[in-house]
Amino acid sequence: MSSSPSTDESGALLGPADIRELAAALGVRPTKQRGQNFVIDANTVRRIVRTAEVRPDDVVVEVGPGLGSLTLALLEAADRVTAVEIDDVLAAALPATIAARLPGRADRFALVHSDAMRVTELPGPPPTALVANLPYNVAVPVLLHMLERFPSIERTLVMVQAEVADRLAAPPGSKVYGVPSVKAAWYAEVKRAGAIGRNVFWPAPNVDSGLVSLVRRAEPIATTATREEVFAVVDAAFAQRRKTLRAALAGWAGSAAAAEAALVAAGVSPQARGESLTVDEFVAIAEHKAG
């Protein structure tokens, strides 16, 4: 049974003492290089599963399971869970933790020992949900990669650094609206879904964390432009934030005049700046690039 302050009725979830025992047995010290902060509070992982609205028929993919705190809670609620772990020691240990603490669900668990950025397929049925405590240093690229590679993912809930959460969920016109905001909006309706304190992690990070919910659009954005073409406009628009779009998109369009022509054709003011545009306006600009 868990000897942690956050009591766990099922006995399967990991508390602070369990986490430290597991880590000691494995000789694991969380590394800054991989942005590792292990969740040591059973109530927090339960809250994440609840906020993610994990259903009994869900196939959940988790990135960066670490010692398995969230994995166990997901496995109790979902039909099956596939965890993607890059760390050799953690990946080797996780199946045994699952088998020991949730033996009746162990056959519902799969491990992919890989860098999430390189994952192009997953075992078993297509994932319906992505739920993860994402390492701070790679949170946005990993999130966007998973949404692009696995269109079957309908719902996502990720725990990320509070600042990253703000950026992902920022609306047009916000000071922190930028490339992550627009690219996330390409795939999904994005919103902040709560705050997470520092004391539920080991080691405690020196920043707060936030939950971000992404519900995939029922229909992809209708456009003649490809995702790559739209994202190229987004990258160019924010590469020089202080410049007007006429100037910022000059390189992308071939010249400032060509950029202005594309902007006018798209119904966007050449004097506007990237942070004021919706994803649909970026799409319209991509569609009107000459040549």
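Higher on the page you've got the structure.
No experiment lies behind these values; they were computed from the predicted model shown. (Residues numbered from 1 in each chain as written. Predicted model: local features only at pLDDT ≥ 70, side-chain atom pairs only at ≥ 80, totals over all residues. Heavy atoms only, no water.)

1. Observations regarding the packing of helix α8 (residues 227–239) against helix α12 (residues 279–287)
Any two packed helices are characterised by how steeply their axes cross, that is the angle between the axes, and by the distance between the axes. Orientation of α8 relative to α12, taken along the N-to-C sense of each, is 110°, at an axis distance of 8 Å. Regarding the angle of α8 to α12, the classification is roughly perpendicular. When α8 is examined against α12, the residues Glu 229, Val 230, Val 233, Val 234, Ala 237 and Phe 238 are found in contact with a partner set consisting of Phe 282, Val 283, Ile 285 and Ala 286. Classifying every residue of the contact of α8 with α12 gives 9 nonpolar, no polar and 1 charged. (Axes fitted to C-alpha atoms, helices over the stretch in contact; angles between N-to-C directions. Helix = DSSP H or I, 4+ residues; strand = E, 2+ residues; numbered from the N terminus. Parallel < 35°, antiparallel > 145°, perpendicular 65-115°, else oblique. Contact = heavy atoms within 4.5 Å. Nonpolar A, V, L, I, M, F, W, Y, C, P; charged D, E, K, R; others polar.)

2. Points about the nonpolar core
With 60 residues, the main nonpolar core has Leu 134, Val 230, Leu 249, Phe 282 and Ile 285 as its most contacted residues. Discounting residues that sit within four places of it in the chain, Leu 249 has contacts with Val 233, Ala 236, Ala 237, Ala 259, Leu 263 and Ile 285. One finds Val 39, Leu 74, Met 159 and Val 200 within the second-largest nonpolar core, a separate group that totals 40 residues. (Core = buried A, V, L, I, M, F, W, Y, C linked by side-chain atoms within 4.5 Å. Buried < 20%, exposed > 50% of the residue type's maximum accessible area, 1.4 Å probe, protein only.)

3. With respect to the sheet that holds strand β7 (residues 188–196)
The strand order across the open sheet built from 7 strands is β4-β3-β2-β5-β6-β9-β7, with neighbouring strands paired in mixed fashion. The open sheet terminates on both sides in strands that have one partner only, identified here as β4 (109–113) and β7. Across the sheet, the mean angle from the axis of one strand to that of its neighbour is 20°, orientation sign disregarded. By the bridge criterion, 8 bridges tie β7 to strand β9 (residues 209–216) in an arrangement that is antiparallel. In the strand pairing of β9, Lys 191 is matched with Ser 213. (Pairing = 2+ DSSP bridges.)

4. Topic: the pattern of salt bridges
Using the criterion set out here, one finds 13 salt bridges in the structure. Across the pair Asp 79 and Arg 80 runs a salt bridge, and its minimum N-O distance is 3.7 Å. Judged by relative accessible area, Arg 80 falls into the partly exposed class, the value being 26%. Here the salt bridges do not stand alone but share partners, grouping Arg 55, Asp 57 and Glu 154 into one network. (Salt bridge = Lys/Arg side-chain N within 4 Å of Asp/Glu carboxyl O.)

5. Here's the deal with unusual backbone geometry
Here the bond from Trp 202 into Pro 203 is cis, since omega is -10°, no more than 30 degrees from zero. Mapped onto the secondary structure, Pro 203 falls in the loop between β8 (201–202) and β9. Phi is positive for Glu 53, close to 55°, though the residue is something other than glycine. Note on placement: Glu 53 falls in the loop between α2 (42–51) and β2 (59–63). Take Glu 53: its relative accessible area is 54%, and that puts it in the exposed class.

6. Quick look at the pairing of β2
Among the 5 residues of β2, 5 are classified as buried, and the element is accordingly described as predominantly covered. Covered by surrounding structure in β2 are Val 59, Val 61 and Val 63 together with Val 60 and Glu 62, the residues of both alternating faces. Strand direction decides the pairing type here: β2 and strand β3 (residues 80–85), joined by 5 bridges, are parallel. By the bridge assignment, Glu 62 is partnered in β3 with Ala 83. Regarding topology, helix α3 (residues 69–77) serves as the crossover connection from β2 to the parallel β3, and that connection is right-handed. Bridge count between β2 and strand β5 (residues 129–133): 2 bridges; the pairing is parallel. Each bridged residue has a counterpart across the sheet, and for Val 61 the counterpart in β5 is Leu 130. (Right-handed = clockwise from strand over helix to strand, strands pointing away.)

7. As for the environment of Pro 65
Within the element layout of this structure, Pro 65 appears in the loop between β2 and α3. Residue Pro 65 is classed as buried on the basis of its relative accessible area, which comes to 7%. Those residues within four positions of Pro 65 in sequence are excluded, and the remaining contacts are Thr 71, Ala 83, Val 84, Glu 85 and Leu 94.

8. As for the environment of Leu 26
The residue Leu 26 is located in helix α1 (residues 16–26) in this model. For the pair Leu 26 and Ile 98, spaced 72 residues apart in the sequence, the C-alpha separation amounts to 15 Å. Setting aside anything within four residues of it in sequence, one finds Leu 26 in contact with Leu 67, Val 89 and Ala 93.

9. Considerations on helix α11 (residues 256–265)
Residues Ala 259, Ala 262 and Leu 263 constitute the buried set of α11. Around the axis of α11, the buried residues are gathered within 100° of arc, so they sit on the same side. Residues of α11 that are exposed and angled more than 90 degrees away from the buried face: Ala 257 and Val 264. Considering only its buried residues, α11 is in contact with α9 (245–248), α10 (250–253) and α12. Of the residues one or two after α11, Gly 267 is the one with positive phi, at around 80°. (Arc of directions from axis to C-beta.)

Everything listed here is a matter of coordinates, which is why it stays silent on function.
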